[in-house]
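# A closer look at the structure
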Amino acid sequence: MFYHLLKYVLLGPLLRLAFRPRIEGLDHVPSSGAAIVAGNHLSFSDHFLMPAVLKRRITFLAKAEYFTGPGLKGRLTAAFFRSAGQIPVDRSGKEAGQAAIREGLGVLDRGELLGVYPEGTRSHDGRLYKGKVGVAVMALKAGVPVVPCAMIGTFEAQPPGKTVPRVRPVTIRFGEPLDFSRYAGMEHEKAVLRAVTDEIMSAILSLSGQEYVDRYAADVKAEEAERERAARARRSRRTPRG
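A brief report on the enclosed structure follows.

Conventions we followed
- Position labels on residues start from 1 in each chain and follow its written sequence.
- Local features in this predicted model are restricted to residues whose pLDDT is 70 or higher, and side-chain atom pairs enter the listing and the counts only when it is 80 or higher, whereas totals over whole chains, interfaces and linings include all residues.
- Water and hydrogen atoms were dropped before computing side-chain values, which therefore reflect all heavy atoms in the structure.
- Numbering of helices and strands runs from the N terminus; a helix is a DSSP stretch of H or I covering at least four residues, while a strand is a stretch of E covering at least two.
- Think of it in three bands: residues with accessible area under 20% of the maximum for their type are buried, residues over 50% are exposed, and the middle band is partly exposed, with areas taken using a 1.4 Å probe on protein chains only.
- Only heavy atoms enter the contact rule, under which two residues are in contact if any of them lie within 4.5 Å.
- Computed by Shrake-Rupley with a 1.4 Å probe, the accessible areas treat only the displayed protein chains as cover when residues are assessed.
- Here an angle of 0 to 180 degrees is reported between the N-to-C directions of two axes, which are lines fitted to C-alpha atoms, with helices fitted over the stretch in contact.
- Each angle gets one of four labels, with under 35 degrees taken as roughly parallel, over 145 as roughly antiparallel, 65 to 115 as roughly perpendicular, and the rest as oblique.
- In this classification, the charged set is Asp, Glu, Lys and Arg, the nonpolar set is Ala, Val, Leu, Ile, Met, Phe, Trp, Tyr, Cys and Pro, and all remaining amino acids, among them Gly, are polar.
- What we call a nonpolar core is a set of buried Ala, Val, Leu, Ile, Met, Phe, Trp, Tyr and Cys residues that are connected through their side-chain atoms within 4.5 Å.
- Each Phe, Tyr or Trp ring (for Trp, its six-membered ring) is paired with any other whose centre lies within 6.5 Å, and the angle between the two planes then decides the class: stacked below 30 degrees, edge-to-face above 60, tilted in between.
- Here a salt bridge means any side-chain nitrogen of Lys or Arg lying within 4 Å of a carboxyl oxygen belonging to Asp or Glu.
- To estimate how far a helix should reach, multiply one less than its number of residues by 1.5 Å.
- In this context, the arc is that of the directions from the helix axis out to the C-beta atoms.

### Here's the deal with the overall build of the protein
Helix and strand content of the protein: nine helices and nine strands. Every one of the 242 residues in the protein was classed for burial, and the buried ones make up 45%. In the protein, 79% of the contacts between residues at least 6 apart in sequence involve partners at least 24 apart. For the protein, the computed accessible surface area is about 12700 Å², with 55% contributed by carbon and sulfur atoms.

Rendered as structure tokens:
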């Protein structure tokens with residue numbers, strides 16, 4: 001019930017007013033039955049903008065940190081994300097991917113829409129990064145279509161580190177559903193999973209027009225963070241002590 005209160009009364013109207021989203025291809029999202037909506041991930045606002053424009057409820061797999069914050073603020077944040085249709089997933093450890101897949105398949109088994117960001121994390125520079133194969137595993141195991149989605153303009157509205165988004169129009173573009181039934185029963189073959197994932201990312205790229213990077217975003221982020229730490233250490237050593 002609170003999901004619909006957020007969408008139609010509290011948050012949805014505010015988001016529509018602030019971002020004035022232009023919606024394209026909404027008819028590509030199935031009106032009933034299980035399906036995956038796979039999108040690029042440019043901004044924290046993406047979690048709320050897409051549900052605000054869809055006619056159906058959609059459930060996202062969200063990082064567990066959103067649900068485990070300390071104190072009253074943490075409890076309120078967790079309650080908000082659960083009410084907004086988010087499922088916590090622990091992304092640490094080797095079992096993290098399997099846990100996310102199990103949660104996602106549970107949503108699809110109920111005949112619902114599942115929202116997935118195949119990149120696994122927000123883009124830190126506005127580019128589109130290599131997709132992880134979990135989306136392909138779920139699509140093949142559940143036998144459901146995948147609707148590619150591109151968020152356009154949300155990076156500029158709320159880039160990393162910016163808490164309050166800028167008021168500016170954005171575009172949310174949905175592509176034609178992708179049918180992977182030709183790969184039924186092949187969800188354990190690595191080459192098939194890679195091919196399916198790459199096809200999904202190619203469809204997202206065609207919709208978004210982003211620059212593509214054939215590497216995982218998390219790896220690039222980690223390398224850039226390490227370079228920044230090394231640079232700070234060098235500057236610290238050069239600074240005379242007085």
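### So, the packing of helix 6 (residues 134–142) against helix 8 (residues 190–208)
In a pair of packed helices, the angle between the axes and the distance between the axes together describe the arrangement. Put simply, helix 6 and helix 8 touch, their axes get as near as 8 Å, and they point 105 degrees apart. With respect to their mutual orientation, helix 6 and helix 8 come out roughly perpendicular. Each of Val135, Ala136, Val137 and Leu140 in helix 6 lies in contact with helix 8, whose residues at this interface are Val192, Leu193, Val196, Thr197 and Ile200. Residue composition of the contact of helix 6 with helix 8, by class: eight nonpolar, one polar and no charged.

### Brief notes about the nonpolar core
Counting residues in each nonpolar core, the largest one holds 29 residues, and the members touching the most others are Ile36, Leu108, Met138, Phe180 and Ile200. For this core, the secondary-structure elements that each account for two or more residues are strand 2 (35–39), helix 5 (96–109), strand 5 (113–116), helix 6 and helix 8. Of all the elements, helix 8 adds the most residues to this core, at seven residues. Sequence-distant contacts of Leu108, that is, excluding residues within four places in its chain, are made with Ala34, Ala35, Ile36, Leu114, Met138, Ala142 and Val144. Counting residues in each nonpolar core, the second largest holds 19 residues, with Val29, Phe60, Met151 and Phe174 among its members.

### Points about the packing of aromatic side chains
Counting across every chain of the model gives one aromatic pair. Geometrically, the ring pair formed by Phe60 and Tyr117 is stacked, given 5.3 Å between the ring centres and 20 degrees between the ring planes. One end of the pair, Phe60, is in strand 3 (residues 58–63); the other, Tyr117, is in the loop between strand 5 and strand 6 (128–129), and 57 residues separate them in sequence. Of the two residues examined, Phe60 and Tyr117, each falls in the buried class.

### As for the side chain of His41
Its place among the elements puts His41 in the loop between strand 2 and helix 3 (46–53). Using a relative accessible area of 6% as the deciding quantity, one classes His41 as buried. What His41 contacts, discounting residues up to four positions off in sequence, is Asp46, His47, Tyr117, Glu119, Thr121, Arg122 and Ser123.

### Side note on the pattern of salt bridges
The tally for this structure, following the rule as stated, stands at eleven salt bridges. A salt bridge links Glu24 to Arg173, with the shortest nitrogen-to-oxygen separation between them at 2.6 Å. Here the residue Glu24 occupies a position in strand 1 (residues 22–24), and Arg173 occupies one in strand 8 (residues 171–174), the gap between them amounting to 149 residues. A relative accessible area of 24% means that Arg173 is categorised as partly exposed.

### Digging into helix 9 (residues 217–238)
Taking 1.5 Å as the rise per residue, helix 9 with 22 residues should run 32 Å; its terminal C-alpha atoms sit 32 Å apart, in good agreement. Those residues of helix 9 that sit buried are Ala217, Val220 and Ala231. End-on view of helix 9: buried residues confined to an arc of 65 degrees, all on one side of the axis. Turned more than 90 degrees from where helix 9 packs its buried face, Ser236 and Arg237 sit exposed. Check the buried side of helix 9 and you find it contacts strand 6.

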